[in-house]
Amino acid sequence: MTNRIYTSDYKHGGTMKTATNDRKGEILAFLKKFPLVAVAAGHFNDAVTGEEVDASWCAYRDGGFTWDTCDVYHFEKYDLELSPEFCAHALAV
């Protein structure tokens, strides 16, 4: 079973929770270092503006967690709130 890395169901109509993360740079580096495991045809929308984001929608996996380009984008741009379990995992590697 895999776990999502964020705390809110922002991709399916829920509100996107945000939170400042003092170790954002380290976590971003972790999120971006993995080779992709899947690529989707199409793009995703910015959860704040609703505008289409011109980026490939790729999926990643590590240690029982899954994330995609959409999650990385929202964490980097808006401080998407990540689960404490995922943050601990990312910072321990």
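Here, the structure is the one placed above.
Note that the coordinates shown come from a computational prediction; the quantities given were computed from them, not determined experimentally.

Participant: Just to check I follow, could you spell out the state of the cysteines for this structure?
Facilitator: Joining two cysteines, a disulfide is a covalent bond between their sulfur atoms. Taken as a whole and assessed by the stated rule, the structure comprises zero disulfides. This cysteine, Cys-58, is not joined by any disulfide, and Cys-70 carries the nearest cysteine sulfur, 12 Å off. Free of any disulfide, Cys-87 has its nearest neighbouring cysteine sulfur in Cys-70, separated by 17 Å. With a relative accessible area of 12%, Cys-87 lands in the buried category.

Participant: Can you help me understand the sheet that holds strand β6 (residues 65–68) in this one?
Facilitator: Strand pairing within a sheet occurs via backbone hydrogen bonds; the two strands may be parallel or antiparallel. The strand order across the open sheet built from four strands is β1-β6-β5-β2, with neighbouring strands paired in mixed fashion. Two strands close off the open sheet at either side, each with one partner strand: β1 (3–4) and β2 (38–40). As defined by bridge partners, β1 adjoins β6 across two bridges and the pair is classed as parallel. Across the sheet, residue Asn-3 finds its bridge partner in β6, namely Phe-65. Each of β5 (57–62) and β6 touches helix α2 (residues 69–78); the most contacted strand, β6, lies at about 75° to it.

Participant: Sorry, what's going on with the pattern of salt bridges here?
Facilitator: Two side chains that carry opposite charge are able to pair once their charged atoms sit near each other. Enumeration over the complete set of coordinates arrives at seven salt bridges. Measuring nitrogen to oxygen at the nearest pair gives 3.0 Å for the salt bridge that ties Asp-71 to Lys-11. In this pair, Asp-71 sits in helix α2 while Lys-11 sits in the loop between β1 and α1 (24–32), placing the two residues 60 residues apart along the sequence. Residue Asp-71 is classed as buried on the basis of its relative accessible area, which comes to 1%. The residue Glu-26 makes a salt bridge to Arg-23 at a minimum N-O spacing of 2.8 Å. Each of Lys-11, Asp-68 and Asp-71 takes part in one network of salt bridges that share partners.

The rules behind each value
Residues numbered from 1 in each chain as written. Predicted model: local features only at pLDDT ≥ 70, side-chain atom pairs only at ≥ 80, totals over all residues. Heavy atoms only, no water. Disulfide = S-S within 2.5 Å. Buried < 20%, exposed > 50% of the residue type's maximum accessible area, 1.4 Å probe, protein only. Pairing = 2+ DSSP bridges. Helix = DSSP H or I, 4+ residues; strand = E, 2+ residues; numbered from the N terminus. Contact = heavy atoms within 4.5 Å. Axes fitted to C-alpha atoms, helices over the stretch in contact; angles between N-to-C directions. Salt bridge = Lys/Arg side-chain N within 4 Å of Asp/Glu carboxyl O.

Everything listed here is a matter of geometry and, on its own, says nothing about what the molecule does.
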